[in-house]
Amino acid sequence: SKRGQVKGNALCLEGPHKSRSTNACVKSSEVYSLDDKMVFLSLPGAGGWSPSSSDRYQWLEVDLGERTQITAVATQGRYGSSDWLTAYLLMFSDTGHNWKQYRQEDSIGAFPGNSNADSVVQHKLQHTVIARYVRLIPLDWNPNGRIGLRLETYGCPYNSDVLSFDGRGSLLYWLSPRPRQMTRESISLKFKTLKNSGILLYTEGQSEHSLTLELKKGKLLLLLRQGRSSSPDSHHLVSLGSLLDDQHWHHIVFGSNKNFHGCLENLVYNGMNLVDLAKQKDQRGNVTFSCAEPVFVAMTFTSPQSYLWLRGVPELSSTVTSVGLQFQTWNRGGLLLTFVLPKQGGAVWLYLSKARLHLQIHKSGRSPLELSAGSALNDGQWHSVELISRRGHLTVAVDGDEGASSHASPSFLLTTGSQLFFGCPAEGNSQECMNPFKTFQGCMRLLTVDNQQVDLIMVQQRLMGNYSHLQIDMCGIIDRCSQSHCEHGGSCSQSWSTFHCNCSSTGYSGATCHSSIYEQSCEAYKHKGNTSGYYYIDVDGSGPIRPQLIYCNMTEDKTWIVIKHNNTELTRVRPLPGKNQHSAHFEYTSEEEQLAAIISQSEHCEQELTYHCRKSRLLNTPDGPPLSWWVGGPGVGQMQTYWGGAAPGSQQCVCGLQENCVDPKHHCNCDADRTEWANDSGLLTHKETLPVRSLVLGDVHRPGSESAFRVGHLRCHGDKNVWNAAFFDKETSYLHFPTFHGELSADISFLFKTTSSSGVFLENLGIKDFIRIELSSSTEVLFSFDVGNGPLEVHVKSGVPLDDNRWHRIRAERNVKEASLRLDELPAATQEAPADGHIHLQLNSQLFIGGTASRQKGFRGCIRSLQLNGVTLDLEERAKITPGVQPGCPGHCSSYGSLCQNQGRCVERPNSFSCDCSPSAYNGAFCDREVSASFKLGTSVSYTLKEPLSNKLNRSSSTLPSSIYSDMTLRAENVSLSFRTSQSPALLLYVDSYHREYLALLLNKHGKCSVVFDHLLDPELSRLATLGFTGCLSAVLFNSISPLKAALLHPGTSPVTVTGPLVQSICGSTSANPYAAETTHHLSVGTGQPLVNAIRSDSALIGGVIAVVIFVTVSASAIMARIFYRRKGTCQSQDVKTVKPEDSPELAFSGSQNGPSENQKEYFI
């Protein structure tokens, strides 16, 4: 190398200006051209530096002569040439060894260089560096030239006070108590060490509490111990950092008997320089006021192609062979060392597998020899390995005396032969090393062969051995889990090049455990087709609130979230002696944050509050102080002096509001103070005062006073987020919101429907960064963004058109590891983020929904339930004040109509939809709950159809409009029902008309079902009906009439007559006793012809009265469209056929002994 003076200006960004240095020097890896003025920028005739070989193993080093606070660097190409750098790395060091790579924000290491030989490109360092040596490593250069460079560094002088400890010394300070006006104490220092454990600082207060700052396995721990207890237990306050034993300075500010071994710098307590103070006092042990800099040259195996080749030691008469090294890695596997056995034939491999050290020796004609030692060796700490072979004895040891070892007794001496490989590519290389294992990625140092240390600086200078893809004189290990990107409690693990998040048992998914696997409300579960039950609800999606198990009541049209607490029973007040009041506190099953979020996002919440009293006043009068009150609302809640049904602050009960209290002088029934029992009850519906947290009753101690209270569960319905929608009727229309902040993690979900084949759903721009989701074609959705690494796109294609005006769901996520996009229930598409690239998404413009800032490629259609990082954007409110955008979006039945089951009809609503179950024999939110009843002997239900219009018009078909005639013409009768019975024969259903025609559904004594038509009423059929029947009937439907549903749910408004006891039950539900002896059946009968012949000349459509009579005798459990067999001989499905007498001898009530009459037909089902 050649030396030259560093001249030129040095800009000081903070502090005094740095003068030109006269004692700095420059050296480099190779020299092709080197000018004395090579470090000067923009000087006429300055040549610069260019190495003889243009590759990534070159470097240029500047010695600044003293430790300097470096603030910026600038580069220029070589003067008058085509030689310049386009990208480079910067390294810093205090000693000229143990280099540390400078990384910018997002851990980006590469600096962009020049585009020509003359212009100067300066980079101000995002965080200043204190170092004496600067090394620049070229990464890329002008492809039409060579590596060429002129370099300048900028900075300020740096002064410090340093202490050095050898592991046996310490400093002791007796400090005066702090002045009273001081409200805060601080200690700051810097340290550097090669030891991974030791106590940096111990301080004890007047209360005998102590604080300890300790380095343990490369991490800083701050421990608090209370009192002088001999117990080793300490309260762990905080843990910071990782891999801090790297012999680089680390700065600490904070408001085992193993002493620290290393250096401290600028030790300051409340502004007092303790190093200066120590120079005037005595010290304990070996403490010096300069920093000893031991030199350990490490090398980094950066890729699977990395290896180091050294010549072996020729076989001598020595009886001992040894190889040693220290390594540091995150990988569970990798080959550390391999060599070929000379003469004997075979090979030796020393490798990691499953984080254990393994030695494997293959020798010709012998079975393989294997040894293993150590565990968890992929923890990022330095571990020592030693392989020793003596005659008849072989040892492999890990971490010396503190670790483990393994032994064997081979009959041969292990010798290294002519060459050794540290690391080896799996596919081999020109040096012909063999690697049947994984490749090693990590750091190594202190390599020894037969107790002789390998000089890695000579290796770097190509004076010894050979290497590829190594970084020598530095360890580039990075702890990617130190500041974990795993969210929501996901555990972080890592390899050399990446990290992984284990999301098990967190309730979240994705590469960083960001997205919740649960829905945000009961409403969302309901519209996925779920029924009542307990569900995990994550109210803020990917936000910080944890999911919790909550009961969802979906039996009504409204979907209720039910949040329970510890006391919902009617509780009698039992006064305690010596206390004038009775208080009750309520603990809810949901956490506070979740409670507040549920109440906030619900349209309506309510909680029942009841007080039963006898000579126990409640609120007394509005003008006086309240005798009783309750506490409710967010947080700790506030005192409330009104009762259920009244207005907040009114100091009234609902009877006072309605002016119907038992005593008009008072506003609550209990305030009348009567000896008779009374009560005040009602619903609390003002969300800002919910939930009820405690109750205080003040008039419970008088003689004769008795009372009881009840506080119901908190119930909420209506998710304001699920149906929040906007309709964009023009491609130029859009909504805008504040900038989206999703720097490290961003998840976006929404539903859309459209008739357009393309359009932008969402866009947010930065100076260079952006994020966008769009419909790129009628079958494809595109998610694109740029965080500084160039645009990245994720596509999902659908097998069906997306412009079908039906709701489709999009879920997009971007994090530091990957981006994913999911459409409806299709598999998610993913794209990995670049390794060690930019990770922060930096946006600064408004967020556009339904369009772009350029008003091009806008979206036409509806967007609903738009959520960004779990927060719902209020599209409807913004749409109300935005031209071209309408709040809300109708047309839900096209997407959700299939949820209405069993002939239920979907009914549109402005927000949401509902199922009309009136044409169905079922009930419930989705017409999926069977209406069932148990019948006993003598129970029957009759439903009467009113006489049609034809009879009222003089029974003349000629007076009927043709449209009415066609509407009333029946082409077929359809009957369906479910039943369970243990009795046969039986009559299940009977229908007759005023034309004296009838239809009967029978169960014969063999358990077979049949249908009978006739014009004449069979006396035997009537006799069978009078026998009675015990059982259950469910989901009965005759054409569009559900007689059982009418009798049970609408008895007062339906033409129905009930004989005997009829009680609704769940006997028809599939959740009823599955082990019952009765058989569960579902019958669906279509006759294929009208019950009344509508084309008879004397018929006025369906004239007269039709009666449906149902006789049931068992407890039934049935499912539509299926028959469950629970015992042999139950109903069997058969083809419909005409019944002959010999086919059905058990039917004593058949219409004729000579076979079926002309008008009588019977079918088996």
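Conventions and cut-offs
Residues numbered from 1 in each chain as written. Predicted model: local features only at pLDDT ≥ 70, side-chain atom pairs only at ≥ 80, totals over all residues. Heavy atoms only, no water. UniProt positions renumbered as here; feature names shortened; annotations may be inferred. Helix = DSSP H or I, 4+ residues; strand = E, 2+ residues; numbered from the N terminus. Buried < 20%, exposed > 50% of the residue type's maximum accessible area, 1.4 Å probe, protein only. Areas by Shrake-Rupley, 256 points an atom, 1.4 Å probe, with all protein chains shown as cover. Pairing = 2+ DSSP bridges. Axes fitted to C-alpha atoms, helices over the stretch in contact; angles between N-to-C directions. Patch = residues over 30% accessible without salt bridge, like charges linked within 9 Å, V, L, I, M, F, W, Y side chains within 5 Å. Salt bridge = Lys/Arg side-chain N within 4 Å of Asp/Glu carboxyl O. Contact = heavy atoms within 4.5 Å. Disulfide = S-S within 2.5 Å. Core = buried A, V, L, I, M, F, W, Y, C linked by side-chain atoms within 4.5 Å. pLDDT = per-residue confidence, 0-100. Phe/Tyr/Trp six-rings, centres within 6.5 Å; stacked < 30°, edge-to-face > 60°.

Labelled according to an unreviewed UniProt entry, the chain appears under the name Contactin associated protein like 3, originating from Dicentrarchus labrax. Reading the Subcellular location (unreviewed entry) entry of the UniProt record for the chain gives the comment "Membrane". Its UniProt record gives the chain a comment under Sequence similarities (unreviewed entry), which states: "Belongs to the neurexin family."

Asks: It is not clear to me how the overall build of the chain should be interpreted in this structure. Could you clarify?
Replies: Looking only at helices and strands, one finds 11 helices and 79 strands in the chain. The burial tally for the chain puts 52% of its 1165 residues in the buried class. Just so you have it, the chain exposes about 54,100 Å², and 49% of that area is on carbon and sulfur atoms.

Asks: Quick question: what am I supposed to make of the sheet that holds strand β43 (residues 582-585) here?
Replies: Within a sheet, adjacent strands bond to each other through the backbone by hydrogen bonds, running parallel or antiparallel. The strand order across the open sheet formed by 4 strands is β43-β48-β45-β46, and the pairing between neighbours is antiparallel. Each edge of the sheet is formed by a strand with only one pairing partner; in this case those strands are β43 and β46 (638-640). Each strand axis lies, on average, 20° off the axis of its neighbour in the sheet, ignoring direction. Two elements, strand β45 (residues 629-632) and strand β48 (residues 692-697), share 4 bridges in a ladder whose sense is antiparallel. Within the sheet, the bridge partner assigned to V631 lies in β48 and is S694.

Asks: How should the UniProt feature "domain: EGF-like" (unreviewed entry) in the chain be read in this particular structure?
Replies: Within this structure's numbering, the places UniProt gives as "domain: EGF-like" (unreviewed entry) are residues 477-514 and 890-928. For residues 890-928, the end-to-end C-alpha separation is 24 Å, with 10% helix and 26% strand making up the annotated structure.

Asks: Explain the pairing of strand β68 (residues 932-935) here, please?
Replies: A regular strand places its side chains on the two faces of the sheet in alternate fashion. In terms of strand pairing, β68 meets strand β74 (residues 1031-1038) through 4 bridges, oriented antiparallel. Note that in β74 the partner of F935 across the bridge is G1031. Pairing between β68 and strand β76 (residues 1062-1065): 4 bridges, direction antiparallel. In the sheet register, A933 faces β76, and the bridge partner there is Q1064.

Asks: So what exactly am I meant to see when it comes to a nonpolar patch on the surface here?
Replies: Together, L237, V238 and L240 line one region of the surface with nonpolar side chains, adding up to about 240 Å² of accessible area. Look at L237 and you get partly exposed, because its relative accessible area is 42%.

Asks: I keep staring at helix α4 (residues 592-601) and nothing clicks. Help me out?
Replies: The periodicity of an α-helix, 3.6 residues per turn, causes residues three or four places apart in sequence to face the same way. Three or more residues of α4 are buried, namely Q594, L595, A597, I598, I599 and Q601. On its buried face, α4 is in contact with β39 (533-537), β40 (548-553), β41 (560-563), β44 (602-614) and β49 (706-719).

Asks: Sorry, what's going on with the environment of P143 here?
Replies: In this structure, P143 sits in the loop between β8 (121-141) and β9 (150-157). Placed 61 residues apart in sequence, P143 and S82 show a C-alpha to C-alpha distance of 9.2 Å.

Asks: Can you help me understand the state of the cysteines in this one?
Replies: Such a bond, covalent and formed between the sulfur atoms of two cysteines, is termed a disulfide. Considering all chains together, one arrives at 15 disulfides under this definition. Two residues, C655 and C661, share a disulfide whose sulfurs are 2.0 Å apart. Because the torsion about its S-S bond is 85°, the bridge between C655 and C661 counts as right-handed. The two residues C655 and C661 agree in class, both being buried. Between the sulfur atoms of C862 and its disulfide partner C889 the distance amounts to 1.7 Å.

Asks: Would you explain the nonpolar core in this entry?
Replies: Looking at soluble globular proteins, one finds that nonpolar side chains tend to be buried together. Membership of the largest hydrophobic core comes to 45 residues, with the highest contact counts inside it found for Y611 and L714. In terms of nonpolar packing, the next biggest core, distinct from the first, is built from 42 residues, M299, F339, L371 and V398 among them.

Asks: Explain the sheet that holds strand β24 (residues 346-353) here, please?
Replies: Taken in spatial order, the 7 strands make up an open sheet running β26-β25-β24-β23-β30-β21-β33, and their pairing is antiparallel. Each end of this open sheet is capped by a strand with a single partner; those strands are β26 (369-373) and β33 (466-468). Across the sheet, the mean angle from the axis of one strand to that of its neighbour is 10°, orientation sign disregarded. As defined by bridge partners, strand β23 (residues 334-340) adjoins strand β30 (residues 419-422) across 3 bridges and the pair is classed as antiparallel. Each bridged residue has a counterpart across the sheet, and for L337 the counterpart in β30 is F422.

Asks: Help me out: how do you make sense of the pattern of salt bridges in this one?
Replies: When the charged atoms of two side chains lie near each other, side chains of opposite charge can form a pair. Enumeration over the complete set of coordinates arrives at 25 salt bridges. E606 serves as the salt-bridge partner of R715, at 2.9 Å between the closest nitrogen and oxygen. With R715 in strand β49 and E606 in strand β44, the pair connects residues that are 109 residues apart, well separated along the chain. For E606, a relative accessible area of 11% corresponds to the buried category. Across the pair K857 and E774 runs a salt bridge whose closest N-O atoms are separated by 3.0 Å.

Asks: Explain the confidence of the model for the chain to me, please; I cannot follow it from the model alone.
Replies: Detail in the predicted coordinates should be disregarded across regions flagged by low pLDDT. The share of residues in the chain with pLDDT of 70 or more is 80%, and the mean pLDDT across the chain is 79. Note that residues 1-22 has pLDDT below 50 and, in this model, 55 contacts with residues that lie over four places away or in other chains. Low confidence marks residues 1087-1165, where pLDDT is under 50. Its contacts with residues over four positions away, or in another chain, come to 260 contacts.

Asks: Sorry if this is basic, but what is going on with the packing of aromatic side chains here?
Replies: How two aromatic rings sit relative to each other is given by the distance of their centres and the angle of their planes. In total, this model carries 25 aromatic pairs according to the counting rule given. Relative to Y467, the ring of Y57 lies with its centre 5.5 Å away and its plane at 90°, an arrangement referred to as edge-to-face. Under the relative-accessibility criterion, Y57 is labelled partly exposed at 30%. Look at Y467 and you get buried, because its relative accessible area is 6%. Centre to centre, the rings of W99 and Y133 are 6.4 Å apart; their planes meet at 80°, and the pair counts as edge-to-face. One end of the pair, W99, is in the loop between β5 (85-93) and β6 (100-101); the other, Y133, is in strand β8, with 34 residues separating them in the sequence.

Asks: Honestly, the pairing of strand β65 (residues 913-916) in this entry has me stumped. Any pointers?
Replies: Pairing geometry for strand β64 (residues 905-908) and β65, over 4 bridges, is antiparallel. Its bridge partner being in β65, R905 is matched across the sheet by D916. Linkage of β64 to β65, two consecutive antiparallel strands, is achieved through a turn of 4 residues, within which S912 is found at a positive phi near 85°.

Asks: Just checking my understanding: could you explain the environment of D824 for this structure?
Replies: Turning to its location among the elements, D824 is positioned in the loop between β58 (818-823) and β59 (829-832). The class of D824 is partly exposed, set by a relative accessible area of 22%. When the C-alpha atoms of D824 and I810 are compared, they prove to be 6.4 Å apart, with 14 residues separating the residues in sequence. Excluding residues that lie within four positions of it along the chain, D824 makes contacts with H808, R809 and R811.

Asks: Explain the side chain of S188 to me, please; I cannot follow it from the model alone.
Replies: Within the secondary structure, S188 is located in strand β11 (residues 187-192). Filtering out sequence-adjacent residues up to four positions away, S188 remains in contact with H251, I252, V253, N266, L267 and V268.

Asks: Any chance you could explain unusual backbone geometry here in plain terms?
Replies: Note: most peptide bonds trans; most residues except glycine with negative phi. Omega for the bond connecting L690 with P691 falls within 30 degrees of zero, at 0°, which places this linkage in the cis form. Relative to the helices and strands, P691 resides in the loop between β47 (678-684) and β48. At N266, a residue that is not glycine, the phi angle is positive and equals roughly 50°. Summarising the element assignment, N266 is placed in strand β17 (residues 261-269). Positive phi, close to 55°, is recorded for C513, a residue that is not glycine. Along the chain, the position of C513 falls in the loop between β37 (508-509) and β38 (515-516).

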